[in-house]
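Structural overview for review
Residue-level listing of the chains:
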Amino acid sequence: MTGSDHFLWWRGHRGDRPRDDRWTEIGKEAFQEKERRITGRHHLPGPVPDWAEDLFRVARAAFIADKYVRRTGEGDRWTRRISLAVPVTEHERWESAAVRTHLTALLQVLTGDLWNVDFRPLTGHYVEDALVSPDEPRASEVALFSGGLDSLSWAATRSRADDSRPLLLVMFREIGLLRLQQRVYKAVERLVRARPVLLLPMSQTPAGDGSGARLETSSRTRGLLYAAGAIRAATAHGVGTVHIPENGQLALNPPLTPARSAACSTRSVHPRTLGSLNALVAAVSDTESTVQVVNPLAQLTKGEVCKVGRDAGLTPSDLESTLSCGKPPTRRRSGPPIANCGVCFPCLVRRSGLLHANGSDGTRYEALPWADGLPLDRGADWRALQRWLLGPYTLTDVFTDTPLPPDTDPAVAFDLIRRGREELARLLQIADATEAASAAQVRSGSHQAALVVMGRHRRGVLDAVPAQSAD
């Protein structure tokens, strides 16, 4: 069961008021950054077409709606019914049935919620264009760069491509992790590169909604926001493809248990998600400026991606300096300054990938998933992973959670997950070895303790026996 509908109205200008009092107004003030830092700060070599600005606005509105409507207020504590109204320049395109179908499907697969999006003409609003600088170099490739293992490995690989035109990396700032992201980018800069690399930093931090309550902790529309930002940049550079590097293992992200299909399994780079996004872009864009979004690592496991990074010249410490965690400890109030918790599912996949590529993992984690004394809730992902690895996984399971698009071969997807399971199974071996060593230590400690007690007892007995006289 779900709760009542939530109505959010993205305001185009001050006089753009909601139709009735059901609607909650949202707009550019919903972000901590000034508008100029978001849309007009960056020097771009060409103009951004209206459809790409519209897409970015729709993505921003969906992201704020996603953060402002808390799941805890719903009957099942997850599924929401959200109505969103957004002004767009290319109104006729966005009003088409095809666009509504593609956008609704995209938002639903991303968030697991029920969405209804209405569009109206954007009027009386000055859109602050990006600063067009014709002399700025035009990139031939555009990719998202998060500071994670996958995006680092891809950036390192493409930085060595035989191409005189730059590689453009679009990086959205992660709260509390900007310095880490910058350090990871420097690993690309240190490589012997065959081409220039440009970094386009962006920032989209939601502000509070005025209630004083904590915003929704899940951020399932964040991937759409980042993709829309990269698409916007690509159109200005005249690039027809945006790369979103994500290992295929986590892109498919099969749920570890039936109960985890929505709450614990993201779908931001799932083939079906990218298919819906590309269909949406094709429906709203101009033929001469359209963009396709591609996952270049879709056929690789985490370990295979790590090996790609090593082949591109990255060191084990470069890979270990990256971010993988779903809930970085450094973001917690009074949390330690550590980027990776070590116990969430992304961290577990990270561990297995680094072990596969490097034979070891020197990442500084907050905790070991198999450590004694780990709080029950923090060990949930590890226990679920153990059960998933010890149980069967068949071709039928590939279809169980999220259907694959027609152009995705189920047998290829199944083989990818099989290889990923083999990498993850190494964690079971490490856990078993750790448990055996711990048990041996306990037995050894118990044996030593018994000898000490026996020794003390013997000394006590001897001490109690009267000394014999020489007579």
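Now for a quick tour of the structure. Residue positions within a chain follow its written sequence, with the count starting from 1. The predicted origin of the model limits local features to residues at a pLDDT of at least 70 and limits the giving and counting of side-chain atom pairs to 80 or more, whereas totals for whole chains, interfaces and linings rest on all residues. Water and hydrogen atoms play no part in the side-chain values, which are based on all heavy atoms of the structure.

**Some words on the overall build of the chain**
Convention followed: Labels follow the DSSP assignment, with helices taken as runs of H or I lasting at least four residues and strands as runs of E lasting at least two, numbered in each case from the N terminus. Relative accessibility decides the category of a residue: with a 1.4 Å probe and only protein chains considered, values under 20% of the type maximum give buried, values over 50% give exposed, and everything between is partly exposed. Contact definition: two residues touch when any of their heavy atoms are within 4.5 Å. For the accessible areas, the method is Shrake-Rupley and the probe is 1.4 Å, while residue cover comes only from the protein chains on display.
Helix and strand content of the chain: 15 helices and 11 strands. When each of the 471 residues of the chain is scored for burial, the buried share is 50%. Restricting to contacts in the chain with at least 6 residues of sequence separation, those with at least 24 account for 78%. Accessible area for the chain stands at about 22,300 Å²; split by element, carbon and sulfur atoms hold 52% of it.

**Re the packing of aromatic side chains**
The following threshold applies: Classification of ring pairs rests on two measures: the distance between centres of Phe, Tyr or Trp rings, Trp counted by its six-membered ring, which must be within 6.5 Å, and the angle between planes, read as stacked under 30 degrees, edge-to-face over 60 and tilted in between.
A full pass over the atoms with the stated rule returns 10 aromatic pairs. Considering the side-chain rings of W94 and F119, the 5.2 Å spacing of their centres and the 50 degrees angle between planes classify their relative orientation as tilted. With a gap of 25 residues between them, W94 in helix α3 (residues 91-94) and F119 in strand β5 (residues 114-121) connect regions that are remote in the sequence. There is no split in this pair, since W94 and F119 are both buried. Look at Y393 and F414: their rings are 6.2 Å apart centre to centre, the planes differ by 5 degrees, and that puts the pair in the stacked class. Taken together, the residues span a long stretch of sequence, with Y393 in the loop between α13 (380-390) and α14 (395-400) and F414 in helix α15 (residues 410-464) at a distance of 21 residues. Assessed through its relative accessible area of 14%, Y393 is described here as buried. Three or more aromatic residues link up through ring pairs in this structure, and these residues are F7, W9 and W23.

**Focus on the sheet that holds strand β2 (residues 24-26)**
Adjacent strands of a sheet pair through backbone hydrogen bonds, lying either parallel or antiparallel. Our working rule: Pairing between two strands is assigned when DSSP locates at least 2 bridges connecting them. The axes are straight lines fitted to the C-alpha atoms, using for helices just the contacting stretch, and the angles between their N-to-C directions are given from 0 to 180°.
Within the open sheet, the 4 strands sit side by side as β2-β1-β4-β5. Their pairing is parallel. Because the sheet does not close on itself, it has two edges, and the strands there are β2 and β5. Between one strand axis and the next, the sheet turns by 25 degrees as a mean value, whatever way the strands run. Judged from the 8 bridges that link them, strand β4 (residues 81-88) and β5 form a sheet pairing that is parallel. Residue pairing for β5: L84 is matched across the bridge by V117. Across the sheet, helix α2 (residues 50-68) touches β1 (5-10), β2, β4 and β5, and the angle it forms with β4 is around 150 degrees.

**A few points about the pattern of salt bridges**
Our working definition: Salt bridge, as used here, is a side-chain nitrogen of Lys or Arg placed within 4 Å of a carboxyl oxygen of Asp or Glu.
A complete count under the given rule lists 32 salt bridges for this structure. Linking E53 and R232 is a salt bridge whose minimum nitrogen-to-oxygen distance equals 3.1 Å. Here E53, found in helix α2, pairs with R232, found in helix α7 (residues 222-237); they are 179 residues apart in sequence, far enough to count as distant. Given the relative accessible area of 8%, E53 is considered buried. R332 serves as the salt-bridge partner of E366, at 2.5 Å between the closest nitrogen and oxygen. In this pair, E366 is assigned in the loop between α12 (345-358) and α13 and R332 in the loop between α11 (316-320) and α12, connecting sequence segments 34 residues apart. Relative accessible area serves as the criterion here: at 24%, E366 is assigned to the partly exposed category. A relative accessible area of 38% places R332 in the partly exposed class. What you see here is one network of salt bridges that share partners, running through D66, R71, R80, D113 and E216.

**Points about the pairing of β1**
As paired strands, β1 and β4 are joined by 5 bridges and run parallel to one another. Directly across from F7, in β4, lies its bridge partner S83.

**Considerations on helix α5 (residues 149-159)**
The buried fraction of α5 is high, at 9 of 11 residues. The complete set of buried residues in α5 reads L149, D150, S151, L152, S153, W154, A155, A156 and S159.

**Quick look at the environment of S276**
Relative to the helices and strands, S276 resides in helix α9 (residues 271-284). Residue S276 is classed as buried on the basis of its relative accessible area of 12%. Other than its neighbours up to four places away in sequence, S276 contacts H102, A105 and L106.

**Considerations on the packing of helix α4 (residues 97-111) against α9**
Under the convention used in this document: We call two directions roughly parallel when the angle between them is under 35 degrees, roughly antiparallel when it is over 145, roughly perpendicular when it lies between 65 and 115, and oblique otherwise. Should the near helix be turned counterclockwise from the far one by less than a right angle, the crossing is left-handed, whereas a clockwise turn marks it as right-handed. Residues are sorted three ways: Asp, Glu, Lys and Arg are charged, Ala, Val, Leu, Ile, Met, Phe, Trp, Tyr, Cys and Pro are nonpolar, and all the rest, Gly among them, are polar.
With their axes 9 Å apart at the nearest point, α4 and α9 run at an angle of 155 degrees to one another. Classified by the angle between their axes, α4 and α9 sit roughly antiparallel to one another. Relative to α9, the crossing made by α4 is left-handed. Along its contact with α4, which presents V99, H102, L103, A105, L106, V109 and L110, the element α9 presents R272, T273, S276, L277, A279, L280, A283 and V284. Looking at side-chain class alone, the contact of α4 with α9 contains 11 nonpolar, 3 polar and 1 charged residues.

**Some remarks on the nonpolar core**
The nonpolar side chains of a soluble globular protein tend to be buried with one another. Note the threshold: The nonpolar core is taken to be a set of buried Ala, Val, Leu, Ile, Met, Phe, Trp, Tyr and Cys residues, with the residues joined through side-chain atoms within 4.5 Å.
L84, W94, V170 and V242 are the most contacted members of the largest nonpolar core, which has 64 residues in total. With 12 residues, the single largest contributor to this core is α2. When residues no more than four places from it in sequence are discounted, the contact partners of V242 are V142, A230, I231, A234, V291, Q292, V293 and V294.

**Quick word on the state of the cysteines**
Test applied: The disulfide criterion used throughout: a pair of cysteine sulfur atoms within 2.5 Å.
Throughout the structure, instances matching the rule amount to 0 disulfides. Free of any disulfide, C344 has its nearest cysteine sulfur in C347, 3.7 Å distant. By relative accessible area, C347 is classed as buried at 0%.

**What to know about the side chain of R120**
This is how it is decided: Each polar contact in these results corresponds to two N or O atoms within 3.5 Å; when the atoms are within protein, one needs to be able to donate a hydrogen and the other to accept it, and residues that are neighboring in sequence are counted only if both atoms are side-chain atoms.
Here R120 shows up in strand β5. A distance of 2.5 Å separates a polar atom in the side chain of R120 from the backbone oxygen of W10. Among the polar contacts made by the side chain of R120, one reaches the side chain of D16 at a distance of 2.5 Å.

**Points about α2**
Here is the rule we go by: Residue count minus one, scaled by 1.5 Å, sets the expected span of a helix.
Helix length check: α2 (19 residues) gives 27 Å between terminal C-alpha atoms against 27 Å at 1.5 Å per residue, within 8%. Extensive coverage of α2 is indicated by the burial of 18 of its 19 residues.

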